[in-house]
Each structure stands twice: as structure tokens, then as C-alpha cells.
Amino acid sequence: MATTAPPTSPISSPNQSHPLSLLHKCNSLRDLKQIHAAAIKANLQHDVPVLSKFINFCTKDPTSSSMDHAHQLFDQITQPDLVLFNTMARGYARTHDPLRAIVLFAQVLHSGFVPDTYSFSSLLKACTSSKALQEGKQLHGIAVKLGSSQNVYVCPTLINMYAECHDVAAARRVFDKILEPCVVSYNAIIMGYARNSRPNEALSLFRELQMSNLKPTEVTMLSAISSCALLGALELGKWLHEYVKKNGFDQLVKVNTALIDMYAKCGSLNDAVCVFESMVAKDTHTWSAMIMAYAIHGHGSKSISLFEEMKRAGVRADKITFLGLLYACSHTGLVEEGLKYFCSMRDEYGIIPDIKHYGCMVDLLGRAGQLDEAYKFIEGLPTKPTPILWRTLLSACSSRGNMELGKRVIEHIFELDDSHGGDYVIFSNLCARAGRWEDVNHVRKMMKDRGVVKIPGCSSVEVNNVVHEFFSGDGIHSESRDLHRALDELIKELKLVGYVSDTSLVFHADMENEEKEASLRYHSEKLAIAFGLLNTPPGTTVRVVKNLRVCGDCHSAAKLISLIFDRQIILRDIQRFHHFKAGKCSCGDFW
């Protein structure tokens, strides 16, 4: 009876005498271990060049297993050189456990090891990935002692590390010490400001870069465009778009995708569509950005239609695509469609939902009034719920006036995080609506005792390429009496056409009605809109960005202002866009 020989490994070859000659056929860690075994048989287990080659293979496309094997090989070398350590550090920095590079560094440092600039670059990248600020600071100190902190490779990595660890002040100090910063250093600090939601500083440095002899790169443009998106500064964004076209960046998919996102967040959906339709090449991120753009502007059906077009184009959806779809369904009340897409992302696409997808589902159910279903959804999650999920449900409870469920939800929130001022305010308002003033006073006392501060409402409006910010209450204390008087006159005109201040939104039992009206009058949204009306020509669209959810009274006022002054007002709050025109809002009062 004939027998079949067992399959051989692709690296098996009796004609090859030296194990290193088999490396070019090596395709996996399993193959490498077979070659390693051959090296041991050939008495080469302590041969440094052989072990170095094996380590190089393990770190080329590192995984936890391959780095474990590389570390074992590294430990077999009595006196590893700097190049070999740098290889190990670079490998660890690219894994899911990057801080093992720091552990290895501490191990070799005791033996008189002196790191070079390449060592610091990899080690600092490991700290960046892990948000390990303290370890990064220690590395910075060692770099200063060794005279490496001003190196052209180390400086940008230091800046990036501090910025990613949210210590932007330290990142700026590193940048300011550079005598002649290169474009890479500029990119690091500009990106750091942009990612830490400090767009004004990012754009200021972008202008400084332009005035130098340095040429911006794709990274520079992406950071500048994203900063514009954060500010909601449309005119500045349009100028950047022209700059992109003049300097040849408009051929880059990432830059065009950033422009779509920027135009959408600056309230110009038409410009976002124009960029999208003009693109020859589109990737998953591009389609996803446009789907999200339609979603935040309240065009849920267009988001869904574009997704179907994306499928026909053969482009596979990812997590961001489905986030846009779920967001679209949530903000247009498409409950059945939202449930369908949530199931399909797991069942058809094999995409594991993350906390943002779960948040959209809670929001979807909550907005539709299905509060008990939303509560059960959170309790049934395969992962521990975050405060954000419970906050989403708390907002829905507040909108629907469900006091009992709201009380259970706030208890869950406080178990996880009792430092967020917005939670206290929402629950306090919910108690006030129910007339439970003792609970209101109890919540406010808790805020005071715990030192929790409410985030003030802030709205901004762009006029003549300058972004002006207003905080709630500025109308009372502002030095600009012209704006104060203009807003008073504006409210009088609104009252002539039926506007009545919704004082039920001011939850102070001891305040007179006039005081409540004054409190509502000087909300940051109204101040920004009034400033825009005063300082732009008739017919000009007024674009406002708010850091919190727009209040119901300001929403009603904005609708009437758009009618009386024949102006379009586009207001972006933390949730979505509201397009006010001819006395109506694009959200259909569903937000």
C-alpha cells in the first residue's frame, strides 16, 4: 500500500547548508522557529549575526508572539549592540504593548548602555502610543543629559509625545527651544494643537510656517484644515481650499477627505458635496466623511442613499461608515433602519461595534421615546458601560421628563464618574420640571461640596475672517453696550411677532419671571447671532458654533430671527447642525 509523505515546510531544503540561506523563504514565525532549530543543530545558537537576522525578521512586522521570540533571542546575546537594541525598541513601539520597549531600555541601561537619537525616537513613540507621560518626561531628561534633545529626529518625537499626552504647554516649550525648526517640527506642534482642540494656536503656527522658507506638507495641510473644522471658520476654510489647489495638494485623497469634513463642520454642505463629486479617486474614508456630512446636517435619507451607492461602487464600509449611518438614523428618527444597520455591521461585515456605535443606538432609542429599551440595551452590552452611554440616556430621560428612570441612570453615572458638571445640571433640571425642589437643592449642594463646576455655554461667529466668542451672560457684563442694546431691541422685535421667552427652562424657584427672561436673553447663541446680524451685510448667512446643545428658547428665537430679518442662520451645536430659514429649522424640531 502506497503511503503519502507528510507535507514539508517551505523552508526545508537539504541542499542549503547555512540556516541564514533559508531566511528568504521564511513566511511566518513558525518557519523562523524551524530555521532557529536548524541553527542550534549547526551549533550557531550563540552566533550574533545569525541571532541578529532572526531578531530583524521578528521585528519587521511585529506581533506579541514575534516580539516574545525576539526578546528571547536578544537575551541570549551577551553584549547586544546599540543597533540591535534600536531594532527591538522599534519593534515594541509598533505593538499593542509598546511600553515593553521602556522595560527593555531600563534593563540594558543598568549595564552602561548609552542610547542614541534613534533609540530616543523609538522609545518616545512607545510612550506616545501608551500615553505614558511620566516615562516620556524621564526619557526627555536623559536626552537632555546626553545632548540629544535638540536633535532633528528627537525634537518632533518629543513634541508629539507631549501633545498626545495632553501636555501641550510642554510640547510648545520643546518647540520654542528649537533655533531653526524644520517642517517636521512645525507639523508636530501644529498637529498637537489641532488634536487638543486648540485650533487658533494651530492656525497661528501654520501662518508662521508660511512666512518662513519652509514648504508645508500633506500633514501640515491636514492639521490646518482640521483646525478650521474645529473653529467652524468657513471663510478661512475656503482660503485654505484655494491654497490646497494652488500648491497641488488637491490631488491627494486624504486632503480632499479632510476638506469634505471641514466644509460639513463649517456648515456648508454644498461645498462638501462639490469636493466629493469632483474627486476622481475615493476611498472608504472619503465615502464615510460624506455620509457623516449628510448625517450631521439632518439628511438621513441621503446618508443611506450614499451608502447604497458606496456598496455599488465596490467600496467596503468600515466602523466610521456605520457610525455615520447610525448617526443619520438617530437624528432623523429612523429607528428600524438604525437597528438594521447595527445588526448588519456585525452579521454581514464582521465589524465589532465600539462604544460610539453603542452610544448611537442608545441615542436612537432614547430620541424615539423607547427609554426602557435603551436601558435594557445598555445593561445587555458585552462590555462595561461608560459614563457617556449613561449620559446619553440621561439626556433622553430629561427630554421625556422620565424622573424615575433618570434617577436610576444618574446613580449609574455617579458610580463611574461624579466630576462632570453637565450630569448634575441635566438631572437638576429634570427634578425642577417635576417640581421636586428639594431634590434640586440637594443636587446643587452635591455640586458645591464636590467642587463640580458647570461648563459655561460658549458660541462663536466668524466675521471678516475673525472668529468672535461669546459666553452666556456676556450681555450683562460685556463692555460692548452696543451689542447689549442691539440684543434688547432684537428681543422686542421678536415679541411683536409672537415670541415668548420659555422661562420654564430656567430652573430657579426663587427667581422672578423678569429675571428668568433676562437670563435667557443673554445666552451665548443669541449674543453670537446678534453680533453676526450687526456686522454682516443684509442677506448674509450667519454661522454660529456652540460648545453645548442649543437650548429650546434659543432654537425658537433663531427660527423667528430668520423670518424677520430674511437671513439664513446655521447653528452647529455639540449634536448636529440647525439650518434656520424662513422661520423653520432643518431639524424639524427633532434634535
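Residues numbered from 1 in each chain as written. Predicted model: local features only at pLDDT ≥ 70, side-chain atom pairs only at ≥ 80, totals over all residues. Heavy atoms only, no water.

**Student:** Describe the overall build of the protein chain, listing the residues and the values that go with them.
**Tutor:** Assigned secondary structure in the protein chain consists of 30 helices and 6 strands. If you line up the protein chain on its principal axes, its C-alpha atoms span 95 × 70 × 55 Å. Burial analysis of the protein chain (591 residues in total) assigns 50% to the buried set. Across the protein chain, contacts joining residues at least 24 apart in sequence account for 63% of those joining residues at least 6 apart. In the form shown here, the protein chain has an accessible surface area of approximately 29,200 Å², with 52% of it arising from carbon and sulfur atoms. (Helix = DSSP H or I, 4+ residues; strand = E, 2+ residues; numbered from the N terminus. Buried < 20%, exposed > 50% of the residue type's maximum accessible area, 1.4 Å probe, protein only. Contact = heavy atoms within 4.5 Å. Areas by Shrake-Rupley, 256 points an atom, 1.4 Å probe, with all protein chains shown as cover.)

**Student:** Which residues make up the environment of Asn402, and what are the values?
**Tutor:** For Asn402, the location among the structural elements is in the loop between helix 22 (387–400) and helix 23 (403–416). The exposure class of Asn402 is partly exposed, given its relative accessible area of 25%. Linking Asn402 and Leu371, residues 31 residues apart in sequence, is a C-alpha distance of 8.6 Å. Sequence-distant contacts of Asn402, that is, excluding residues within four places in its chain, are made with Leu371, Cys397 and Leu430. Within the local environment of Asn402, its side chain forms a polar contact with the backbone nitrogen of Leu405, the two atoms lying 3.0 Å apart. (Polar contact = N/O pair within 3.5 Å; in protein donor to acceptor, adjacent residues only side chain to side chain.)

**Student:** Tell me about the pairing of strand 4 (residues 569–572), and name the residues and values.
**Tutor:** Residues Ile569 and Leu571 point to one face of strand 4 and Ile570 and Arg572 to the other, with burial holding for every one of them. Pairing analysis gives 4 bridges linking strand 3 (residues 542–546) to strand 4, with the strands arranged parallel. Across the sheet, residue Arg543 finds its bridge partner in strand 4, namely Ile570. Relative to strand 5 (residues 577–581), strand 4 is paired through 4 bridges, and the arrangement is antiparallel. Bridge assignment links Ile569 to a residue of strand 5, and that residue is Phe580. Here strand 4 folds back onto strand 5 in antiparallel fashion, the turn holding 4 residues. (Pairing = 2+ DSSP bridges.)

**Student:** Mind laying out the pattern of salt bridges, listing which residues take part and the relevant values?
**Tutor:** Applying the stated criterion across every chain, the model contains 20 salt bridges. The salt bridge partner of Glu201 is Arg198, with a shortest N-O separation of 3.0 Å. Classification of Glu201 as partly exposed rests on a relative accessible area of 27%. Measuring nitrogen to oxygen at the nearest pair gives 2.8 Å for the salt bridge that ties Glu525 to Lys546. Of this pair, Glu525 sits in helix 29 (residues 524–535) while Lys546 sits in strand 3; the two residues are 21 residues apart in sequence, bridging distant segments of the chain. Among the residues examined, Glu525 registers a relative accessible area of 1% and is labelled buried. (Salt bridge = Lys/Arg side-chain N within 4 Å of Asp/Glu carboxyl O.)

**Student:** Can you break down the packing of aromatic side chains residue by residue, with the values?
**Tutor:** Inspection of every chain in the model, using the stated rule, returns 16 aromatic pairs. Measuring from ring centre to ring centre gives 6.2 Å for Tyr358 and Phe377, while their planes differ by 65°; the resulting arrangement is edge-to-face. With Tyr358 in helix 20 (residues 355–367) and Phe377 in helix 21 (residues 371–379), the pair connects residues that are 19 residues apart, well separated along the chain. Each member of the pair Tyr358 and Phe377 is classed as buried. Ring-pair connections join several aromatic residues into one group, and the members of that group are Phe307, Phe322, Tyr341 and Tyr349. Positioned over the ring face of Tyr341 is Lys340, at 4.7 Å from the centre of the ring. The ring of Phe414 carries Arg450 above its face, with NZ or CZ at 5.3 Å from the centroid. (Phe/Tyr/Trp six-rings, centres within 6.5 Å; stacked < 30°, edge-to-face > 60°. Lys NZ or Arg CZ within 6 Å of the ring centre and 35° of its normal.)

**Student:** Which residues make up the sheet that holds strand 1 (residues 458–463), and what values do they have?
**Tutor:** Read across the sheet, 6 strands follow the order 2-1-3-4-5-6 without closing on themselves; strand pairing throughout is mixed. With partners counted over all chains shown, the strands left at the sheet margins are strand 2 (466–471) and strand 6 (584–585), one partner each. In terms of strand pairing, strand 5 meets strand 6 through 2 bridges, oriented antiparallel. Among the inter-strand pairings, Phe580 is bridged to a residue of strand 6, identified as Cys585.

**Student:** Give a detailed account of unusual backbone geometry, specifying residues and quantitative values.
**Tutor:** Positive phi, normally seen in glycine, also occurs at Asp566, with a value near 50°. Under the relative-accessibility criterion, Asp566 is labelled exposed at 64%. You will see that Ala582, though not glycine, has its phi angle at about 55°, which is positive. As for its placement among the helices and strands, Ala582 is situated in the loop between strand 5 and strand 6. We classify Ala582 as exposed; its relative accessible area is 52%.

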